Amino acid sequence: MTLGELHTVTASAGLPAFASKQLAQWLYKHCARSFGEMTNISKTARERLSENFTIGCLPPLERHCSDDGTVKYLFPTLSGQRVETVFIPDKERATLCVSCQVGCRMKCRFCMTGRQTFEGDLTAADILNQVYSLPERERLTNIVLMGQGEPLDNLDNALRAVEILTADYGFGLSPRRITISTAGLRDRLQRCIEQCDCHMAISLHSPFPEERADIMPAERAYSISEMLPLLHAYDWSHQRRLSFEYIVFRGLNDSPRHARELVRLLSSLDCRVNLIRCHEIPLSPFSPASEDTMLWLRDYLTRHHITTTIRASRGKDILAACGLLSTQHSQ
């Protein structure tokens, strides 16, 4: 709940106006797991709250640790479903990859989540619980909405979760510590950009619409050619970052022709490109490009003034790397 909604709750319990801030502090600063912990709220009010509300925090059901330090959690949802969340420690930085849906409607051919039957949107509480109930919560420096599902396909709940993550009364994270990843749902992208100040990451994977549509069916409804004019309308030159995610497939999108078209499309935008290694999935025709090709593509784009990095692959051995999340067989 937002602070305004918590005020309605405390008013209904007969508490003074300032009690809503106390309640928010217990929830979002102290991450209380029961109303009994809220000792500066009267016992009578705590009992009344516990009769009518639940905090909604659910601990993870499973924990899988990678050789590289990545940890994958399986969280329950309030509706009885399950969703995967990935914690990625890296020296002083610790990133949490959060899911927004159970399954995904985008059906990207290279993604295990895309193969999973879409089973529903996560509520804001389900999204926040992945942070709230994370054992390593105190170590977090960054959050990426890049787990299972398409955040913009569940935009209301994603934005509500982001509001509480960034609000002074909430978790108090800087929006610059949060990245929202999307296949580019054009009708909701503008709203997302204007209603939050988080970084944006666009899943591109091919600069050619017909080739992108072959691996990302969402291209047919939300073409990259329609997204780019919208992205040009905003200023990305300050602290807010625009990036394009580009999984590199052997023989599919790793040629000089693709590199030239990427430069043509993106050179007028203040953006960066993250090159991602393809992770093979069963019965898939896609295989990873060679390391030499990854380096060549990075250097080509960099020489043409597009900041480009190769994202480190983390958690592959526990099926936590990009494109490998799925709860199809864990329900």
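Just above sits the structure.
What you are looking at is a predicted structure, and each value in this text was computed from that prediction instead of being measured.

Asks: Which residues make up the sheet that holds strand 8 (residues 178-182), and what values go with them?
Replies: Read from one edge to the other, the open sheet built from 10 strands follows the order 1-2-3-4-7-8-9-10-11-12, with strand pairing classed as mixed. Looking along the sheet, the strands with just one partner apiece sit at the ends: strand 1 (62-65) and strand 12 (307-310). Direction aside, neighbouring strands of the sheet carry axes that sit 20° apart on average. Examined bridge by bridge, strand 9 (residues 199-203) and strand 10 (residues 242-248) share 4 bridges and lie parallel to one another. Bridged to Met 200 within strand 10 is Leu 242. Across the sheet, helix 9 (residues 224-232) touches strand 9 and strand 10, and the angle it forms with strand 10 is around 155°.

Asks: Please give an account of the packing of helix 5 (residues 124-132) against helix 6 (residues 155-166) that cites residues and values.
Replies: As a packed pair, helix 5 and helix 6 sit with axes 8 Å apart at the nearest point and diverge in direction by 45°. Judged by the inter-axis angle, helix 5 sits oblique to helix 6. The crossing of helix 5 and helix 6 is right-handed. Two secondary-structure elements touch here, helix 5 through Ala 124, Ile 127, Leu 128 and Val 131 and helix 6 through Asn 157, Ala 158, Arg 160, Ala 161, Ile 164 and Leu 165. Split into classes, the residues belonging to the contact of helix 5 with helix 6 amount to 8 nonpolar, 1 polar and 1 charged.

Asks: Outline the pattern of salt bridges, supporting the account with residue identities and numerical values.
Replies: Taken as a whole and assessed by the stated rule, the structure comprises 15 salt bridges. Between Arg 188 and Asp 153 there is a salt bridge; the shortest N-O distance is 3.4 Å. Here Arg 188, found in helix 7 (residues 186-195), pairs with Asp 153, found in the loop between strand 7 (142-145) and helix 6; they are 35 residues apart in sequence, far enough to count as distant. Overall, the relative accessible area of 10% leaves Asp 153 in the buried class. For Glu 291, the salt bridge is made with Arg 277, and the minimal N-O distance between the two is 3.0 Å.

The rules we used
- Residues numbered from 1 in each chain as written.
- Predicted model: local features only at pLDDT ≥ 70, side-chain atom pairs only at ≥ 80, totals over all residues.
- Heavy atoms only, no water.
- Pairing = 2+ DSSP bridges.
- Helix = DSSP H or I, 4+ residues; strand = E, 2+ residues; numbered from the N terminus.
- Axes fitted to C-alpha atoms, helices over the stretch in contact; angles between N-to-C directions.
- Contact = heavy atoms within 4.5 Å.
- Parallel < 35°, antiparallel > 145°, perpendicular 65-115°, else oblique.
- Left-handed = near helix turned anticlockwise from the far one by under 90°.
- Nonpolar A, V, L, I, M, F, W, Y, C, P; charged D, E, K, R; others polar.
- Salt bridge = Lys/Arg side-chain N within 4 Å of Asp/Glu carboxyl O.
- Buried < 20%, exposed > 50% of the residue type's maximum accessible area, 1.4 Å probe, protein only.

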